[in-house]
Amino acid sequence: MQHIRLSYSWAPHQEGASQRHQTSPLRNPLMDLLQAVREAGSIAAAAKAMQLSYRHVWGELKRWEQALGQALILWEKGQAARLSPFADKLLWAERQAQARLAPQITTLHAELEKTIAMAFDPASHLLTFYASHDDALVQLQQQAAQQALHLDIRFCGSVDAIRALNEGRCVMAGFHAPATPSANSLVAQTYKPLLKRGLHKLIGFAHREQGLMVAQGNPHQLKDLKDLLKPGVRFINRPSGTGTRLLLDQWLTEAGLSPSHVCGYGDEEPSHAAVAARIASGQADTGLGIASAARLQGLDFIPLKKENYWLICLKSALNSPPVQQLQAVLASQGWIARLNQLPGYEADHTCGQVQSLKQHFPWWTPPKKRPLT
């Protein structure tokens, strides 16, 4: 059995921002080499892309082959070098493990950056919040860090994030919901008791699309959620308490179906990235997720529903320096342009602005009191 040792390094902002493999928040030299050979199609092209010498890349691959006792590269006369079946399996296994652990790795990364940054800049701000895992939030974390605002994001399900806010574990949370859920929908029934008038304030963030992530070419020809019932379609679910799980459960309720009708309903992964990795490795055929997660794994994406991703803040913290600084970052043209470039995302026109619960969640509004007679 191979032993794993973790480490980290420091890099200037401009170097960190240009990292090539955004699917790998925790870097490994061997995996970077294998990924480069796969993408470039040859060792020479991989070396050029990584700005390394051919001799260095060739030597490292040979060294790793000896250490692992397995061939990593197939060498055939007259053909470009390609990954061996073992190297393919190794690369997929590592990427899948990282995708599954992405929320924890992101939290660890933010914690290290926050601690080190505060040693250099005692005037920097820290903002802790719980949120549903979202690729745009990871980008926001990087954007804010450049302005000495460190977002200590603890990723969890949307429901759990709002509960953490209500229990005083943070001052801000992130959750997502369909743009226009009906008053009797499962989404409305779930969120309504958690959102507190006079306690919470909404802050505009982003619009995004939820859909089915499928292998390239969509081999099962899936078009909507009812196609999950097709024979042989293997589904990967999200855990209870996530907004994505709510979307599926709402459809099952409306269709009068039980979870047992969906093959794989009980097979769960903690993030969109982890679901995408399972599909890309051939262990599943489809799962609900976001376009950016599908794109990073080379999958096709079938959009199904537009939704809003909201930030919700304690009213008492609204005027604090970290929250005001976050609002300024969200409203900046640099951030809005960056968000609009992310596949499946669109900046809300109210990005960074405080919004009304009553206006955006009409199903939440408490019933009017009857006049006294």
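Above this text you will find the structure in question.
The text that follows walks through the structure, step by step, so that each part is easy to find. This structure is a prediction, so every number in the text was calculated from the model and none was measured. (Residues numbered from 1 in each chain as written. Predicted model: local features only at pLDDT ≥ 70, side-chain atom pairs only at ≥ 80, totals over all residues. Heavy atoms only, no water.)

1. Some thoughts on the packing of aromatic side chains
- In this structure the tally under the stated criterion is 5 aromatic pairs.
- Pairing F205 with W335 gives two aromatic rings, centres 6.2 Å apart and planes at 10°, and the pair type is stacked. Placement of the pair is F205 in strand β6 (residues 200–214) and W335 in helix α14 (residues 333–340), with a sequence separation of 130 residues.
- Residue F205 is classed as buried on the basis of its relative accessible area of 0%.
- On the basis of relative accessible area, W335 is assigned to the buried category, the value being 0%.
- Cluster of aromatic residues (ring-pair linked, three or more members): F175, Y191, W310 and F361.
- We note R169 situated over the ring of Y130; from NZ or CZ to the ring centre the distance is 5.3 Å. (Phe/Tyr/Trp six-rings, centres within 6.5 Å; stacked < 30°, edge-to-face > 60°. Helix = DSSP H or I, 4+ residues; strand = E, 2+ residues; numbered from the N terminus. Buried < 20%, exposed > 50% of the residue type's maximum accessible area, 1.4 Å probe, protein only. Lys NZ or Arg CZ within 6 Å of the ring centre and 35° of its normal.)

2. Some thoughts on the side chain of T286
- Of note, T286 is situated in strand β8 (residues 286–290).
- Sequence-distant contacts of T286, defined by excluding residues within four places in its chain, comprise L212, M213, V214, L222, L228, V233, R234, F235, I236 and I279. (Contact = heavy atoms within 4.5 Å.)

3. Digging into the pairing of strand β5 (residues 172–178)
- Counting buried positions along β5 yields 7 of 7 residues, so the element is predominantly enclosed.
- The pairing of strand β3 (residues 125–132) with β5 spans 3 bridges and is parallel. Along β5, the bridge assignment pairs A131 with G174.
- In the sheet, β5 pairs with strand β9 (residues 300–314) via 7 bridges, with the strands oriented antiparallel. For A173, the partnering residue across the bridge sits in β9 and is I312. (Pairing = 2+ DSSP bridges.)

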